[in-house]
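Working through the structure, step by step
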Amino acid sequence: MEYETIIVERPDPRIARIVMNRPEARNAQNLQMTYDLNAAFDRMVQDDAVKVIVLAGNGPHFSSGHDLRPGGKNEAGVDFPPVGNWGGFAEPNAHGRFAREQEIYLQITRRWRNLAKPTIAEVHGKCIAGGLMLAWACDLIVASHDAEFCDPVVTMGVCGVEWFVHPWELGPRKAKEMLFTSDVWTAEEAHRLGMVNHVVPREELSSFVLKLAGKIAAKPSFALKLTKEAVNRSVDVMGQPAAIEQAFALHQLCHAHNLQEFGMVVDPSGLHPSVRKPTTAKL
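The notes below deal with the structure included here. (Residues numbered from 1 in each chain as written. Predicted model: local features only at pLDDT ≥ 70, side-chain atom pairs only at ≥ 80, totals over all residues. Heavy atoms only, no water.)

Once that is clear, we can look at unusual backbone geometry. One non-glycine residue, Arg-26, lies in the positive phi region at around 55°. Inspection of the secondary structure assignment puts Arg-26 in the loop between β2 (15–20) and α1 (31–46). Using a relative accessible area of 38% as the deciding quantity, one classes Arg-26 as partly exposed. For Ala-129, which is not a glycine, the phi torsion comes out positive at approximately 50°. You can see Ala-129 is positioned in the loop between β5 (126–128) and α3 (130–136). The exposure class of Ala-129 is buried, given its relative accessible area of 11%. (Helix = DSSP H or I, 4+ residues; strand = E, 2+ residues; numbered from the N terminus. Buried < 20%, exposed > 50% of the residue type's maximum accessible area, 1.4 Å probe, protein only.)

This is how it looks when you write it as C-alpha cells:
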C-alpha cells in the first residue's frame, strides 16, 4: 500500500517501521500525514505477523510539530473521512474548531496511544510541540544523543499541546518548567526525568531500536497486548483521561481568547514569520 507522506518498512517479519517522510517540512504533521499514519497503524494492528511497531522520521529531524501552513487538503471531516466520534467540522467559530481539534489532535492521538501492540518512537533531531504528541503516544521512546525536545506553545498564547500529558511524562514541576520557559531539553535531560527510555549515538539509533523491538517481539503476542492494556488502564485509573480532557477545554479557551485579542487563534508574536498570517486561524 502506498502513502503520500510516510514509508512502511518491514525490517523483520515481526516488526513494522513506519517512517514519516516529509523531510523538506521537517516532518511537520499535516492532515495527509495524520491520516496516512492512522491508516498505517490500523493496517499493522490488523496484521497478525506484526508484533511491534516503530515510528521514525526521515531527514534531519523526527518532527517539527503541527504543520501550520495552509495546505491543499486541510478540511477535517471533508478531505478525509473522520475516525473519531465528533461532527460539526463545518460549523462556525468555536464549534467547528473544537470538532476539528478533537478529531485530528486529541482523539486520533488517543487511538494511537491505545493501539493493541507495543510501539516505539525512534527520535532524532528536533521533536517539537506536536512532535512530542507523536512520541508520547508510543509506549517506549529511544532518542539519539542529538535529540531535542520542546513545547513552545505557551509562547503562542496556548497552554501546551492538545495531548496534554506533560505532568505524566515529566512530573508536575518539570512540566511547568518546560511549558513556562519553552526551553529546549536535551535527550539526556529527558532520559533523567524518565520520559525517554534510552539515549544512544545517532549512528546506532535505528539498529538499537530494531534490537529492542526484536527482544519485545520474541514475547507472546497476547501477553504483550494485555500487558500494554494493564499499564494503560492503570494510568487511566489514576485520572489521565480526565486530566487530558480538562486541559483540552482550557486549550480551546486559549484559542477563543486569542481570536478576540489578535484575530487569530494563537498569539502571532510566538509564530515563525513564515506562518504569521491570518490563514493560521485553522491550527
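More follows now that the structure is in view.
Further remarks concern the environment of Pro-273. By the element assignment, Pro-273 lies in the segment after α9 (240–262). Distance in space between the C-alpha atoms of Pro-273 and Arg-202 is 31 Å, their sequence separation being 71 residues.

With respect to the helices and strands, the residue Gln-252 is situated in helix α9. On the basis of relative accessible area, Gln-252 is assigned to the buried category, the value being 8%. In this view, Gln-252 contacts Arg-97, Phe-98 and Glu-101; residues no more than four positions away in its chain are not counted. (Contact = heavy atoms within 4.5 Å.)

A few words now on the pattern of salt bridges. Two side chains that carry opposite charge are able to pair once their charged atoms sit near each other. A full pass over the atoms with the stated rule returns 17 salt bridges. Between Lys-228 and Asp-139 there is a salt bridge, and its shortest N-O distance comes to 2.9 Å. Residue Lys-228 is located in helix α8 (residues 221–237), and its partner Asp-139 is located in the loop between α3 and β6 (140–144); the two are separated by 89 residues in the primary sequence. Residue Asp-139 is classed as partly exposed on the basis of its relative accessible area of 31%. For Arg-202, the salt bridge identified is with Asp-146, shortest N-O distance 2.5 Å. (Salt bridge = Lys/Arg side-chain N within 4 Å of Asp/Glu carboxyl O.)

Once that is clear, we can look at the packing of aromatic side chains. Within this structure, the stated rule accounts for four aromatic pairs. On the basis of an interplanar angle of 10° and a centroid distance of 4.8 Å, the ring pair of Tyr-35 and Phe-80 is categorised as stacked. Of this pair, Tyr-35 sits in helix α1 while Phe-80 is found in the loop between β3 (52–57) and α2 (93–113), placing the two residues 45 residues apart along the sequence. Judged by relative accessible area, which is 8%, Tyr-35 ranks as buried. (Phe/Tyr/Trp six-rings, centres within 6.5 Å; stacked < 30°, edge-to-face > 60°.)

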